[in-house]
Amino acid sequence: FATTAVQANEVSGYVTGSIGQAKADKPKLAKEVQNIFQGNGGSTSTDRTDTAYKIAVGLQANPYVALEAQYIDLGKSSYKGAISGPGGSFAAKTDLETSGLGANLVGTLPLDDFTLFAKVGYHYLKTKGTVKFSGNIINGSDSETVRKWTPSFGAGAAYNITKELAVVAEYERYKGVADKKIDGVSVKHDIDLASIGLRYNF
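The notes below deal with the structure included here.

How each quantity is defined
Residues numbered from 1 in each chain as written. Predicted model: local features only at pLDDT ≥ 70, side-chain atom pairs only at ≥ 80, totals over all residues. Heavy atoms only, no water. Helix = DSSP H or I, 4+ residues; strand = E, 2+ residues; numbered from the N terminus. Rg over C-alpha atoms; globule rule 2.2 N^0.38 Å. 1 Å grid on protein atoms, 1.4 Å probe; cavity = no way out; pocket = protein on both sides within 12 Å on 5 of 7 lines; lining within 4 Å. Points joined across faces, edges and corners; volume = space filled by probe spheres on them. Nonpolar A, V, L, I, M, F, W, Y, C, P; charged D, E, K, R; others polar. Expected span 1.5 Å × (residues − 1). Buried < 20%, exposed > 50% of the residue type's maximum accessible area, 1.4 Å probe, protein only. Arc of directions from axis to C-beta. Contact = heavy atoms within 4.5 Å. Core = buried A, V, L, I, M, F, W, Y, C linked by side-chain atoms within 4.5 Å. Phe/Tyr/Trp six-rings, centres within 6.5 Å; stacked < 30°, edge-to-face > 60°. Lys NZ or Arg CZ within 6 Å of the ring centre and 35° of its normal. Pairing = 2+ DSSP bridges.

## With respect to the overall build of the protein chain
Within the protein chain, the regular secondary structure consists of two helices and 11 strands. In the protein chain, the succession of α and β elements from N to C terminus is α-β-α-β-β-β-β-β-β-β-β-β-β. By the compact-globule yardstick of 17 Å for 202 residues, the protein chain is too spread out, its C-alpha radius of gyration being 22 Å. With the C-alpha coordinates aligned to their principal axes, the bounding extent of the protein chain is approximately 85 × 30 × 25 Å.

## Quick word on the layout of surface pockets
Its volume calculated, the largest pocket comes out at about 750 Å³. Elements that contribute at least two residues to the lining of the largest pocket include exactly α1 (2-8), β1 (12-24), β3 (49-62), β5 (88-111), β7 (140-160) and β11 (189-201). In terms of residue class, the lining of the largest pocket is built from eight nonpolar, 10 polar and five charged. For the second largest pocket, the calculated volume is near 610 Å³. Taken together, the elements giving at least two residues each to the lining of the second largest pocket come down to α2 (28-39), β4 (65-85), β5, β6 (114-135) and β7.

## Let's talk about α2
Over its 12 residues, α2 runs 16 Å from end to end, which matches the ideal 16 Å to within 8%, given 1.5 Å per residue. Listing the buried residues of α2 in full gives Ala30, Gln34 and Phe37. All buried residues of α2 lie within an arc of 50° about the axis, which places them on one face of the element. Away from its buried face, by an angle of more than 90 degrees, α2 presents the exposed residues Ile36 and Gly39. Summarising the contacts, the buried residues of α2 are in contact with β2 (43-47), β4 and β5.

## Considerations on empty space enclosed by the protein
As enumerated under the stated definition, the model contains two cavities of 30 Å³ or more in all. In this structure, the largest cavity spans a volume of roughly 70 Å³. Lining the largest cavity are 13 residues; nearest its centre among them are Ala24, Leu74, Lys76, Ser77 and Ile191. With four residues, the single largest contributor to the lining of the largest cavity is β4. By residue class, the composition of the lining of the largest cavity is five nonpolar, four polar and four charged. Of the pockets and cavities examined, the second largest cavity occupies roughly 30 Å³. Counting residues per element, the ones that place at least two in the lining of the second largest cavity are β3 and β4. A breakdown of the residues in the lining of the second largest cavity according to their chemical character gives one nonpolar, two polar and five charged.

## Regarding the nonpolar core
In globular proteins that are soluble, nonpolar side chains generally tend to be buried together. Ile72, Leu74, Leu125, Tyr174, Val177, Ile191 and Leu193 are the most contacted members of the largest nonpolar core, which has 13 residues in total. At the level of secondary structure, the elements contributing two or more residues to this core comprise β1, β4, β8 (165-177) and β11. The next biggest cluster of nonpolar side chains, apart from the first, holds six residues, and it includes Val106, Phe117, Ala158 and Val168.

## Overview of the packing of aromatic side chains
According to the stated counting rule, one finds six aromatic pairs in the structure shown. With a centroid separation of 6.2 Å and 5° between ring planes, the pair formed by Phe37 and Phe90 is classed as stacked. Note that Phe37 is positioned in helix α2 and Phe90 in strand β5, a separation of 53 residues in sequence. In textbook terms, an aromatic cluster arises when at least three aromatic residues are bridged by ring pairs, as seen for Tyr122, Tyr124 and Trp149. Sitting above the plane of the Tyr14 ring, Arg199 keeps its charged end 4.3 Å from the centroid.

## Structural notes on unusual backbone geometry
Of note, the phi angle at Ala178 is positive, near 55°, even though the residue is not glycine. Residue placement: Ala178 occurs in the loop between β8 and β9 (181-182). Positive phi outside glycine occurs at Asp183, with the angle close to 55°.

## Remarks on the pairing of β4
With five bridges joining them, β2 and β4 adopt antiparallel strand pairing. Bridged to Ser45 within β4 is Lys80. As judged from the nine bridges shared by β3 and β4, these two strands associate in the antiparallel manner. If you follow Ala56 over to β4, its bridge partner there is Gln70.

Have a look at this one:
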């Protein structure tokens, strides 16, 4: 019995690589700019989904608690607006790209070959915003990078194919990404990530 108890609480490690789809909420700044285009008879379009991926290294302290460090790339969201008339035409496009490093505290529940888990995390994310504009009179671009600590939470499940290899599926939300105001208008937004990946236990 003593040997079994020691083995059950052995510290182990794992590496996870996952890929999936991220979907960003539209920040207030993008909403207000697109409203200006629409209010003046222009057109707008939005693409808030993109491929995302992450790599995590974990320490399984016991069957129920793990710690993770990870790098994550949450992809890009794009917002466009265009207007044309007797005086000429004007178009603008804004891209927001987010990536960074962070850590998660993971609660796990092993169920035979399955493991259920929930996590909370804190991440230092870099969001690069790029604006490109073109028209009859003016053409150009500008960019700005926002670096902010961002909380996150998530849940998922893993299925053990073998003792060393598992398939992992999870959902996460990153709250308040790019929490900053530009000209008094917030660019803060949330990003959801649904992903699937492989985990190697060692």
